[in-house]
Amino acid sequence: MKLNRVHHIAVIATDYERSKAFYLDVLGCTLLSEVYRSERDSWMGDLALNGEYLIELFSFPSPPPRPTGPEATGLRHLAFEVDSVAEAREELLRKGVPCEELRTDPHTGKAMMFFTDPDGQPLELYEA
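Rules of the game
- Residues numbered from 1 in each chain as written.
- Predicted model: local features only at pLDDT ≥ 70, side-chain atom pairs only at ≥ 80, totals over all residues.
- Heavy atoms only, no water.
- Helix = DSSP H or I, 4+ residues; strand = E, 2+ residues; numbered from the N terminus.
- Buried < 20%, exposed > 50% of the residue type's maximum accessible area, 1.4 Å probe, protein only.
- Contact = heavy atoms within 4.5 Å.
- Salt bridge = Lys/Arg side-chain N within 4 Å of Asp/Glu carboxyl O.
- Pairing = 2+ DSSP bridges.

An unreviewed UniProt entry annotates the protein as VOC family protein of Herbiconiux aconitum.

Student: An account of unusual backbone geometry is needed here, citing residue identities and associated values.
Tutor: Of note, the phi angle at aspartate 41 is positive, near 50°, even though the residue is not glycine. Along the polypeptide, aspartate 41 turns up in the loop between strand E2 (30-37) and strand E3 (42-49). Owing to a relative accessible area of 43%, aspartate 41 belongs among the partly exposed residues under this scheme. The phi torsion at asparagine 50 lies on the positive side, around 50°, for a residue other than glycine.

Student: Can you explain the side chain of serine 19? Please cite residues and give values.
Tutor: By the element assignment, serine 19 lies in helix H1 (residues 16-26). On the accessibility criterion, serine 19 (1% relative accessible area) is buried. If we ignore the near neighbours within four places in the chain, the residues touching serine 19 are Ala13, Leu57, Pro118 and Asp119.

Student: Account for the environment of leucine 27, naming residues and giving values.
Tutor: With respect to the helices and strands, leucine 27 occurs in the loop between H1 and E2. Sequence separation between leucine 27 and leucine 92 is 65 residues, and the spatial gap between their C-alpha atoms is 8.4 Å. Setting aside residues no more than four positions away along its own chain, leucine 27 makes contact with Phe22, Leu49, Phe80, Leu92, Phe115 and Leu123.

Student: Pulling in residues and values, what's your account of the pattern of salt bridges?
Tutor: Per the counting criterion, the structure on display carries 8 salt bridges. For glutamate 100, the salt bridge is made with arginine 103, and the minimal N-O distance between the two is 2.7 Å. A residue is classified by how much of its surface remains accessible, and arginine 103, at 40% relative accessible area, is partly exposed. What emerges from the salt-bridge pattern is a single network uniting Glu17, Lys20 and Glu34.

Student: Give a detailed account of the pairing of strand E4 (residues 52-59), specifying residues and quantitative values.
Tutor: Within E4, 6 of the 8 residues are buried, leaving the element largely enclosed by the surrounding structure. Bridge count for strand E1 (residues 9-13) against E4 is 5 bridges, and the pairing is parallel. The residue of E4 that forms the bridge with isoleucine 12 is phenylalanine 58. Summarising the sheet, E3 and E4 pair through 6 bridges and their orientation is antiparallel. What sits directly across from alanine 48, in E4, is tyrosine 53. Connecting the antiparallel pair E3 and E4 is a turn made up of 2 residues, with asparagine 50 showing a positive phi of about 50°.

Encoded structure:
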């Protein structure tokens, strides 16, 4: 089997509108489509980054919270590439998003840092 690329990443939000605003207004994603699935009492939004489909954002009634910080079983974090981690971090801080301090990846020497979405999903910025 040959995998071509990651098709999408699914994220479940406790407050769909709040998380949608975060991914659109703070991170700069665009909404490709959105549908309410009444049989599941669930919203599903398809989000793109720079025109490429990337995230399926879901709501479900009463989803369980993430059990722990990034070291939980399953998806550890989503990482986004940026030209300058320092500049992107400053922009997030101006938008009221708490951010960890800048780090340097010891394996590549590249700048990186972590922050979270409204539900505590760990997100990373990684320098190109």
